[in-house]
Amino acid sequence: MDITHTATAGTLESSDIQVTLAPGGDGIDIDLTSDVIKQFGDQIKASITQVLNNYGITSAKVKAVDKGALDIVIKARTVAAVQRALDIVDQPKWEVL
């Protein structure tokens with residue numbers, strides 16, 4: 001499944017993450033900004049990638065700005081961004097969480 005247009009979910013508030021998805025070239029390219037990137041960067045990227053894989057997305061550009069979000073928040077924001085980017089906001093796949 002391909003991203004059809006750019007979509008964003010989340011805020012830049014403390015304990016949240018802002019995830020922006022855009023159509024991409026080959027593969028999933030994640031640009032992550034976080035104060036805790038050294039400690040949790042790999043896990044944040046893995047959570048985002050897992051959600052994208054569960055939706056069958058194989059190519060996308062992802063911009064994520066983390067402000068200390070928990071894993072469930074990262075996944076929920078990614079789900080919301082995916083649904084907006086695919087125009088399927090009325091068909092959530094909650095099992096990906």
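Residues numbered from 1 in each chain as written. Predicted model: local features only at pLDDT ≥ 70, side-chain atom pairs only at ≥ 80, totals over all residues. Heavy atoms only, no water.

Participant: Any chance you could break down the sheet that holds strand β4 (residues 60-66) for me, citing the residues and the numbers?
Facilitator: Strand order in the open sheet formed by 4 strands is β1-β2-β4-β3, and the pairing between neighbours is mixed. The sheet terminates laterally at β1 (7-9) and β3 (28-33), the two strands that pair on one side only. Between one strand axis and the next, the sheet turns by 15° as a mean value, whatever way the strands run. In terms of strand pairing, β3 meets β4 through 6 bridges, oriented parallel. Following the sheet pairing, D31 is matched in β4 by K63. Helix-sheet contacts for helix α1 (residues 37-54) involve β2 (17-22), β3 and β4, and the interaxial angle to β3 is about 145°. (Pairing = 2+ DSSP bridges. Helix = DSSP H or I, 4+ residues; strand = E, 2+ residues; numbered from the N terminus. Axes fitted to C-alpha atoms, helices over the stretch in contact; angles between N-to-C directions. Contact = heavy atoms within 4.5 Å.)

Participant: Could you give an account of the nonpolar core, naming the residues involved and the relevant values?
Facilitator: L21, I48 and I57 are the most contacted members of the largest nonpolar core, which has 25 residues in total. Put simply, the parts of the chain that give this core at least two residues each are β1, β2, β3, α1, β4 and α2 (71-86). It is α2 that provides the largest number of residues to this core, a total of 6 residues. Those residues in contact with I57 that sit more than four places away from it in its chain are M1, I3, I28, L52, V82 and L86. (Core = buried A, V, L, I, M, F, W, Y, C linked by side-chain atoms within 4.5 Å. Buried < 20%, exposed > 50% of the residue type's maximum accessible area, 1.4 Å probe, protein only.)

Participant: Can you explain α1? Please cite residues and give values.
Facilitator: In this model, α1 (18 residues) spans 24 Å end to end at C-alpha, consistent with the 26 Å of a helix rising 1.5 Å per residue. Buried within α1 we find G41, I44, S47, I48, V51 and L52. Burial along α1 is one-sided: seen end-on, the buried residues are contained in an arc of 145°. Positioned one or two residues after α1, G56 has a phi angle of 75°, which is positive. (Expected span 1.5 Å × (residues − 1). Arc of directions from axis to C-beta.)

Participant: Tell me what's going on with the pattern of salt bridges, and back it up with residues and numbers.
Facilitator: Inspection of the entire model under this criterion finds 3 salt bridges. In this structure, D31 engages K63 in a salt bridge whose closest nitrogen and oxygen atoms are separated by 3.4 Å. Pair noted here: D31 is in strand β3 and K63 is in strand β4, with a separation of 32 residues, a long-range link. Overall, K63 belongs to the partly exposed group, its relative accessible area being 33%. We note a salt bridge from K75 to D71, for which the minimum N-O separation is 3.5 Å. Remark: D71 and K75 occur in helix α2; sequence separation between them is 4 residues, near one turn of the helix. K75 gets classed as buried once you look at its relative accessible area, which sits at 11%. (Salt bridge = Lys/Arg side-chain N within 4 Å of Asp/Glu carboxyl O.)

Participant: How would you sum up the packing of α1 against α2? Please name residues and give values.
Facilitator: One way to put it is that α1 packs onto α2 with a least axis distance of 9 Å and a crossing angle of 40°. What the angle tells us is that α1 and α2 run oblique. Handedness of the crossing formed by α1 with α2: right-handed. For the pair α1 and α2, contact is made by Q43, I44, S47, I48, Q50, V51 and L52 and by D71, I74, K75, T78, V79 and V82, respectively. Considered class by class, the residues forming the contact of α1 with α2 number 7 nonpolar, 4 polar and 2 charged. (Parallel < 35°, antiparallel > 145°, perpendicular 65-115°, else oblique. Left-handed = near helix turned anticlockwise from the far one by under 90°. Nonpolar A, V, L, I, M, F, W, Y, C, P; charged D, E, K, R; others polar.)

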